[in-house]
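Letter by letter, the chains look like this.
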Number of protein chains: 2
Amino acid sequence: MSVLARQVVMDRRPEGAPVAADCRIEEVALGEPSEGELLVRNLWLSLDPYMRLFMTTQDGLHESVPVGAPMPGGAVGEVIASNAESLPVGTLVVSMGHGWRDHYIAPAEAVQPISPDAGPIQRFLGLYGLTGVTAWGGINGVLKPKPGETLYVNGAAGAVGSLVVQLAKHAGATVIASAGSETKGHWLTETLGADHFINYKSQDVRERLAEVAPDGIELFFDNVGGDQFEIAIDAMKPKGRAALCGAIALYDGDNYRAGPRNLFAIIEKHVSVTGFNAGFYYEMAPQIIAEYAELEATGKLIYEETVIDGLEAMPQGFVDMLSGANTGKMLVRL
Amino acid sequence: MSVLARQVVMDRRPEGAPVAADCRIEEVALGEPSEGELLVRNLWLSLDPYMRLFMTTQDGLHESVPVGAPMPGGAVGEVIASNAESLPVGTLVVSMGHGWRDHYIAPAEAVQPISPDAGPIQRFLGLYGLTGVTAWGGINGVLKPKPGETLYVNGAAGAVGSLVVQLAKHAGATVIASAGSETKGHWLTETLGADHFINYKSQDVRERLAEVAPDGIELFFDNVGGDQFEIAIDAMKPKGRAALCGAIALYDGDNYRAGPRNLFAIIEKHVSVTGFNAGFYYEMAPQIIAEYAELEATGKLIYEETVIDGLEAMPQGFVDMLSGANTGKMLVRL
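Residues numbered from 1 in each chain as written. Chains lettered and ligands numbered in written order. Predicted model: local features only at pLDDT ≥ 70, side-chain atom pairs only at ≥ 80, totals over all residues. Heavy atoms only, no water.

A. Highlighting the sheet that holds strand 10 (residues 196–199) of chain A. Taken in spatial order, the 12 strands line up as 10(A)-9(A)-8(A)-11(A)-12(A)-13(A)-13(B)-12(B)-11(B)-8(B)-9(B)-10(B) in an open sheet, and their pairing is mixed. The sheet is open, and its two borders are formed by strand 10 of chain A together with strand 10 (196–199) of chain B, each paired with just one other strand. For this sheet the average axis-to-axis angle between neighbouring strands, irrespective of direction, equals 15°. Relative to strand 10 of chain A, helix 3 (residues 182–191) of chain A is tilted by about 165°, and along the sheet it contacts strand 9 (174–179) and strand 10 of chain A. (Pairing = 2+ DSSP bridges. Helix = DSSP H or I, 4+ residues; strand = E, 2+ residues; numbered from the N terminus. Axes fitted to C-alpha atoms, helices over the stretch in contact; angles between N-to-C directions. Contact = heavy atoms within 4.5 Å.)

Next up, the structure:
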């Protein structure tokens, strides 16, 4: 069996915010899987903010994707040809490095089999995957909210943010959530249970934080970075804790790694800033998945997906996700 | 009783690094202390890096000293006239806001009586005061070194740094200490017990850290900030902890509050950066003082002072302290 695979490659490096035309779709002929390899047909692809970092050549932490190379990312697919006994044809698998394409060949060790019994299979890209583990790690590994504490999360209607809101509420925290539309605000407060909403596009975040938390905030979960991080530092109470998860506001600029211009303020307030990523919590994934499954089964967790269809729509979907078009987890269905 | 007091005032704002001529000495006639007030003759004055921040008008955290106003800071003095029953003539007191002068009048509540039995009275500006509480808070409140962990401290021959080296050694850590001369390096390793020395003026700190801690560092105590903070972030192991105490390298620049340009790296390594200052640990001062007294009495703590004489020498002494001329605590004896 051999197939003609389609893949999304980066056609040129974005200058500033990416546009769909920075990518193109190309076809490549795949051969037969060699000994120990699989041919996988992807069913679901993930779109996540961190993927923006693959497009930069800034001296930094992430591997830079060469111009003309396919974009990596998480995917769920089905084994359609196998030369590995452990993963026969029909096995559903999740992969991290073989993202933006419809078929790929990989060694069996490069993918993880998943069970369709756990729920819709695309969950392994979101609630049961990178997204869910990230939110869980930030709340239960880093911030550890206590009842009565106030937590502020930005990007709150996104994949990670919308889980953070709910996990923090379950922990007994008062939750301030910011996002970019009134529709999202309504969803965050009425459906997810956030206590306060800040529309960062139409309101002054600094003023609104002072209104809804006049004594300051104990906890901050940062998905955005840049001046939004700075505003939160200024709003933090003494002994406050911040979890630094991402900095989407900086990814299009000259230095996505830059610290806030007022970091020294943490000296005055005995504030802790802890960076983290899902990698530190993957070993707990079975426990995390079980917790999410239980929360959802008992109606205590709302999990939203924004789905687009087809590889052709993926470049524009990526651009839209980066500018906040999605609510909850952004996915591509093939 | 009335006296002609001398005080050091900021005569002009420094541009870049301060010079002695940015200050001048003036005489002011003090009247009689009013009801509840004291007249104090200072015996010892403190010189500390944070005082540089009083000289800036940058939008920041510290009160800016107006041009022509006296410089504040810690001082130990003797009550020579009293209109407050609680603090009779002869009482020794420590003050924080009445620093760079030989006499002052203040309400009794603005000073703290000290006991001459605890050791040399200038200890209350150093080991038993701001310096000692800062080092103790950074080690025992923030970093909590565990045996076998590696701690890197810069500005290690300074007042706080030289205590940090010893407290970290007592906790069982391997200590890497940086300072600006071979003489200081010899003192840090041979007398204070640091395991490794980095001469930041003559060596490449990044290379030396990689040499002496090829697997990275768990703990970082930062007195310097700027690119030295950035180098340490890059050298930190996963789950490392940094204590941010000061940023003397930034105080002469455009933004002393700026975070490191590679802060995003803490996301990849699950690193925590905690700011702190002595204020959060003053309530534990009696315990801290007792611990230091015990350590010193049993020969387990070396406490060094660099002393200059006279108010006239203070402006140049301040400049020298900022550029690292001192070993241990910098003091002015009147």
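B. Local environment of the packing of aromatic side chains. Throughout the structure, instances matching the rule amount to 20 aromatic pairs over all chains. For the pair A:Tyr251 and B:Phe264, a centre-to-centre distance of 6.0 Å together with 80° between the ring planes defines the contact as edge-to-face. Taken together, the residues span two chains, with A:Tyr251 in the loop between strand 12 (236–244) and helix 6 (265–269) and B:Phe264 in the loop between strand 12 (236–244) and helix 6 (265–269). Following the ring pairs from residue to residue traces out a cluster consisting of A:Tyr152, A:Phe220 and A:Phe229. (Phe/Tyr/Trp six-rings, centres within 6.5 Å; stacked < 30°, edge-to-face > 60°.)

C. Seen up close, the domain arrangement of chain A. Residues and elements named next belong to chain A. Each domain of chain A was delimited in the assignment, giving domain 1 (3–123 + 305–333) and domain 2 (130–280). Centre-to-centre separation of domain 1 and domain 2, based on C-alpha positions: 29 Å. Taken residue by residue, the interface counts 22 residues in domain 1 and 17 residues in domain 2. Between domain 1 and domain 2, a total of about 1,500 Å² is buried, with carbon and sulfur atoms accounting for 55% of that surface. Of all residues in domain 1, Leu53, Gln58 and Thr327 bury the most surface against domain 2, accounting for 32% of the area lost on that side. Our count for the contact surface shared by domain 1 and domain 2 stands at 1 salt bridge. (Domains from an automatic or database assignment. Buried area = accessible area lost by both parts, 1.4 Å probe. Salt bridge = Lys/Arg side-chain N within 4 Å of Asp/Glu carboxyl O.)

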